[in-house]
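Below are the chains, spelled out letter by letter.
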Amino acid sequence: MNPLEPLDQALATQLTLVPLASPASGIVYIMTPDTKLPQQSGTETFGPVLTERGETLYSKKLFVAATYQRFRFNSLDGVNLKQIPMLFEFCTTVGQCGPIATIVRTDAHLNQYAVFGTYGITNWLDASIALPILNVTVAANGVSCVQPYCSFTTPGGTTVSFQNNQVSGSATGIGDIVIRGKANVISSNKYKLAIGCDVRLPSGDALNFLGAGSPGVKPFEAVSRSGRFSPHVNVAYQWNGSSLLAGAVAGSRGNLPDILSYAVGADWAAVKDLTVSGDYLGEHVIDASRLKQITTLNLPNTTSAQGTFDTSRGAIGFKWKPMKELLVSGNLLFKFDHNGLHHTAVPLIGISYTWDLRRNQ
């Protein structure tokens, strides 16, 4: 058995939970009663960065965006990734085994590039696609041993000792593509309600941590209030299929965790061409692969476990319009607890543009 298998499985499945930016346009349109022509409606605020509001883009409008997020992970279920106690049975080539206790250092980095496109099919219905391109680096190094299990002697008199060893790898490629439909179902002067559904396609290489290895479906709702100060609320549920990442043994498949997610926040037009936003994002992750610290032979040890947990993040961001139809976005994402995979502050930068395709007709 691979002694790092509990860490590999928990890390791989929870890497699939990192968020993408929203593919919703910051500039939306409405039909003016007088001229019967569309005009910009999102001039009071440009909306949040990671979450949704109740408006849709409008018919024959095209929104294109690109974002970059940098994730640096430092703990998993409260276990410090830089100092993981692990005690495992090491076997020689002739099948003589004994316990070895180590301290393992793991470094996990994710650079997430994403391209988004949204098209207004009708005045109330949008279709979107998100194409993530990921660069993932994972390294594990046995930095030290723990006495008295730094070595053992076989029945034949051979001494087997701990040796520092490092395994590492990186991969770059297309992640899991997400397609979306979003419909505005209630639209009053101040309040907007949209419903939609994301479908995740297993296009990323799961065994290289570039994808989940299974399809996923996430229906969601978004309600918002228009105005210079615009609050919004999102609720979604992610259903996931079975994946090699969640298999109990190598080569088998298991179910990835389902996730109930919600967000509460607001965006505010600080000045005419600048919107700032803040969000609280929560997740209820159901039956996920996790790490658990136990005691073995009177020493701390780490093993795999299945469990449900709640986790929460905060986000602060901005959208700035330097010129007509062009938006520049920035965001910082923080994690408030150490449940699941914990990251340091995640910076995001992005740029987007909205075209009116009617002008070319």
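Basis of the calculations
- Residues numbered from 1 in each chain as written.
- Predicted model: local features only at pLDDT ≥ 70, side-chain atom pairs only at ≥ 80, totals over all residues.
- Heavy atoms only, no water.
- Helix = DSSP H or I, 4+ residues; strand = E, 2+ residues; numbered from the N terminus.
- Buried < 20%, exposed > 50% of the residue type's maximum accessible area, 1.4 Å probe, protein only.
- Contact = heavy atoms within 4.5 Å.
- Lys, Arg positive; Asp, Glu negative; His and termini not counted.
- Charge placed at Lys NZ, Arg CZ, Asp CG, Glu CD.
- Patch = residues over 30% accessible without salt bridge, like charges linked within 9 Å, V, L, I, M, F, W, Y side chains within 5 Å.
- Areas by Shrake-Rupley, 256 points an atom, 1.4 Å probe, with all protein chains shown as cover.
- Salt bridge = Lys/Arg side-chain N within 4 Å of Asp/Glu carboxyl O.
- Disulfide = S-S within 2.5 Å.

### Examining the overall build of the chain
Stage number 1. When helices and strands are counted, the chain shows 1 helix and 22 strands.
Stage number 2. Oriented by its inertia axes, the alpha-carbon framework of the chain measures out at about 95 × 35 × 30 Å.
Stage number 3. Within the chain, the proportion of its 361 residues that are buried is 51%.
Stage number 4. Across the chain, every contact between residues at least 6 apart in sequence was considered, and the portion connecting residues at least 24 apart equals 66%.
Stage number 5. For the chain, the centre of its 27 positive side-chain charges and the centre of its 24 negative side-chain charges are spaced 8 Å apart.

### Looking at a nonpolar patch on the surface
Stage number 1. A contiguous nonpolar surface patch, about 820 Å² in accessible area, is contributed by Val233, Val235, Leu260, Tyr262, Val264, Tyr280, Ile316, Leu332, Phe334 and Phe336.
Stage number 2. Secondary-structure elements contributing two or more residues to the nonpolar patch are β14 (229-240), β17 (258-271) and β20 (326-335).
Stage number 3. A per-element tally of the nonpolar patch places β17 first, with 3 residues.
Stage number 4. If you trace the backbone, phenylalanine 336 turns up in the loop between β20 and β21 (341-343).

### So, the state of the cysteines
Stage number 1. As enumerated under the stated definition, the model contains 2 disulfides in all.
Stage number 2. A sulfur-sulfur distance of 1.9 Å marks the disulfide that ties cysteine 91 to cysteine 97. Its torsion about the S-S bond being 105°, the disulfide of cysteine 91 and cysteine 97 is classed as right-handed.
Stage number 3. Under the relative-accessibility criterion, cysteine 97 is labelled partly exposed at 35%.
Stage number 4. Across a sulfur-sulfur distance of 2.0 Å, cysteine 145 and cysteine 150 are joined as a disulfide pair. Note on the cysteine 145 and cysteine 150 pair: the S-S dihedral is about 95°, so by sign convention the disulfide is right-handed.
Stage number 5. Disulfide partners in the chain, listed by the sequence order of the bonded cysteines, are 1-2, 3-4.

All quantities given are derived from atomic positions and should not be read as evidence of function.
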